[in-house]
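# Examination of the molecular architecture
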Amino acid sequence: MQRRILTLCAVVGAFALAPATASAWAPADEATIHPGVMTFTEGGQCTSNFIVTDGSNVYIGQAAHCSGTGTATETDGCDSGSHPIGTEVEIEGASQPGTMVYNSWIAMQDAGETDSETCQYNDFALVRIHPDDVPNVNPSVPDWGGPTGIGTSSSGETVYTYGNSSLRGGATVLSPKEGTTVGVSPEGWSYDVYTATPGIPGDSGSAFLNDDGQALGVLATVQIAPLAGSNGVGDFGKELAYAQAHGLPGAELALGTEPFQPGILASLGGLGL
């Protein structure tokens with residue numbers, strides 16, 4: 001049965017040397033740029049996911065549809081419009097705008113992609129962080145720590161996410177969430193994930209970790225069926241591999257400097273981000 005989905009989005013400068021070691025990142029409790037900060041793209045408000053590097057540049061991830069030019073129901077990246085590569089993106093905690101350098105929707109259309117799962121679920125973009133702001137970056141996911149690598153999930157497994165959308169009205173207690181994977185698409189491009197409080201507008205693009213603290217996916221949609229209130233999460237490993245094959249061959253996930261601590265929240269003595 002075909003699922004009905006809605007996106008969650010509310011309606012090139014100089015190169016910077018990427019940190020080569022964990023100690024070169026900003027301390028986690030001092031970093032102003034990290035997974036979970038808000039991004040603003042031509043009026044679209046979303047939440048960032050993971051930090052990515054290629055040895056020279058530092059990028060922050062967001063959902064591809066955050067730069068979409070259509071309606072919230074346009075979710076097929078192979079025929080949905082987007083603002084172009086080079087679009088400026090405001091990043092919460094940054095002093096300078098970032099630059100969108102990769103967008104899966106644009107990449108798939110340029111490549112003539114026809115695989116239905118890839119077109120529907122490959123919803124990932126990378127924004128290059130301005131060199132002035134690279135010293136203020138830490139790749140650790142607030143409250144949970146990690147990512148410890150890239151991984152997948154199966155039905156019944158616990159997942160973890162963090163979304164600090166300003167549209168939540170300051171209710172930060174709802175930012176870190178645990179959930180459960182309730183389904184996986186046939187080709188593994190998407191997970192149905194249920195959390196006690198589902199994603200809200202502005203959480204779109206949030207990072208999800210699996211039960212080993214590995215980068216699992218990127219929040220793309222809220223489901224109407226088969227399970228109302230569940231989240232559609234695109235597989236990060238597949239999304240990053242597609243980016244590597246379509247313009248960013250050296251892009252790699254930056255691992256968190258803080259250990260993965262499931263169930264330990266900042267308010268109870270966790271990372272304190």
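For the structure, check the block above.
Residues numbered from 1 in each chain as written. Predicted model: local features only at pLDDT ≥ 70, side-chain atom pairs only at ≥ 80, totals over all residues. Heavy atoms only, no water.

### Focus: empty space enclosed by the protein
The gaps of empty space that remain are located by a probe, the size of a water molecule, rolled over the atoms. Under the convention used in this document: Only protein atoms enter the 1 Å grid used here. Points where a 1.4 Å probe fits but cannot escape make up a cavity, open sets with protein on both sides within 12 Å along at least five of seven lines make up a pocket, and a residue lines them when an atom lies within 4 Å of a point. Grid points are joined across faces, edges and corners, and a volume is the space filled by probe spheres set on the points. When residues are grouped by polarity, Ala, Val, Leu, Ile, Met, Phe, Trp, Tyr, Cys and Pro land in nonpolar, Asp, Glu, Lys and Arg in charged, and all others, Gly among them, in polar.
Put simply, the second largest cavity is a space of about 40 Å³. Lining the second largest cavity are Thr161, Tyr162, Gly163, Lys177, Asp203, Ser206, Phe208, Leu219 and Asn231. Its residues placed into classes, the lining of the second largest cavity shows three nonpolar, four polar and two charged.

### Observations regarding helix H3 (residues 236-245)
Here is the rule we go by: Categorising residues by exposure relies on relative accessible area from a 1.4 Å probe, with only protein chains included: less than 20% of the type maximum marks a residue as buried, more than 50% marks it as exposed, and the intermediate range marks it as partly exposed. Each helix is a run of H or I in the DSSP string that is no shorter than four residues. Each strand is a run of E no shorter than two, and both are numbered from the N terminus. Arc definition: it is the arc formed by the directions from the helix axis to the C-beta atoms.
Within the span of H3, buried status applies to Phe236, Glu239, Leu240, Tyr242 and Ala243. An end-on view of H3 places all buried positions within 155° of arc, on one side of the element. Directly after H3, the chain includes Gly247, whose backbone phi takes a positive value near 120°.

### With respect to the side chain of Gln62
As a reminder, the rule being used: Any pair of nitrogen or oxygen atoms within 3.5 Å is treated as a polar contact; in protein, a donor-acceptor pairing is required on top of that, and neighbouring residues in sequence qualify only through side-chain atoms on both sides. Should any heavy atoms of two residues lie within 4.5 Å, those residues are counted as being in contact.
Along the chain, Gln62 falls in strand E5 (residues 58-62). Here Gln62 falls in the buried class, since its relative accessible area comes to 0%. A polar atom in the side chain of Gln62 sits 2.7 Å from the side chain of Thr39. Separated by 3.2 Å, the side chains of Gln62 and Thr41 make a polar contact. Setting aside anything within four residues of it in sequence, one finds Gln62 in contact with Thr39, Thr41, Asn49, Val89, Asp123, Phe124, Ala125 and Val127.

### Observations concerning the environment of Ser155
Checked against the element boundaries, Ser155 lands in the loop between strand E8 (125-128) and strand E9 (158-162). C-alpha of Ser155 to C-alpha of Asp192: the two residues are 37 residues apart in sequence and 8.7 Å apart in space. In contact with Ser155, other than residues within four places in its own chain, are Thr181, Val182, Gly183 and Val184.

### Topic: the nonpolar core
The condition that has to hold: In these notes, a set of buried Ala, Val, Leu, Ile, Met, Phe, Trp, Tyr and Cys residues joined through side-chain atoms within 4.5 Å is what counts as a nonpolar core.
In this structure, Phe50, Val52, Tyr102, Leu126, Leu209 and Phe236 are the most contacted members of the largest nonpolar core, which totals 26 residues. Here this core gets four residues from one element, more than from any other, and that element is H3.

### Some points on helix H1 (residues 104-111)
Every buried residue of H1 is accounted for by Ser104, Trp105, Ile106, Ala107 and Met108. In this fold, the buried residues of H1 make contact with strand E7 (98-103), helix H2 (116-121) and H3. Of the residues trailing H1, Gly112 is marked for its positive phi of about 70°.

### Quick notes on the state of the cysteines
Condition: Cysteine sulfur atoms are paired as a disulfide whenever they fall within 2.5 Å.
Counted under the stated rule, the structure contains two disulfides. Shown here is the disulfide that connects Cys46 with Cys66, its sulfur atoms set 2.2 Å apart. In this structure, the disulfide formed by Cys46 and Cys66 twists by about -110° around the S-S bond and is classed as left-handed. Highlighted residues: Cys46 in strand E3 (residues 44-47) and Cys66 in the loop between E5 and strand E6 (88-91), separated in sequence by 20 residues. Take Cys66: its relative accessible area is 2%, and that puts it in the buried class. Linked covalently through their sulfurs, Cys78 and Cys119 form a disulfide whose S-S length is 2.1 Å.

### Section: the pairing of strand E14 (residues 231-235)
For clarity, the threshold we go by: Any two strands are treated as partners once DSSP identifies two or more bridges connecting them.
Counting buried residues in E14 gives five out of five residues, a clear majority hidden from the surface. Note that strand E11 (residues 190-195) and E14 share four bridges and pair antiparallel. Within E14, the position partnered with Tyr191 by the bridge is Val233.

### Some points on the sheet that holds strand E15 (residues 252-253)
Two orientations exist for strands paired in a sheet by backbone hydrogen bonds: parallel and antiparallel. The eight strands are arranged E3-E2-E6-E7-E8-E5-E4-E15 in an open sheet whose pairing can be described as antiparallel. Each edge of the open sheet carries a strand with a single partner, namely E3 and E15. The sheet contact formed by strand E4 (residues 51-53) and E5 spans three bridges and is antiparallel. In the sheet register, Thr53 faces E5, and the bridge partner there is Val58.

### Quick word on the environment of Glu42
Its location among the elements puts Glu42 in the loop between strand E2 (38-41) and E3. Considered as a pair, Glu42 and Gly68 are 26 residues apart in the sequence and their alpha carbons are 9.1 Å apart. Not counting residues up to four positions away in its chain, the partners in contact with Glu42 are His83 and Thr87.

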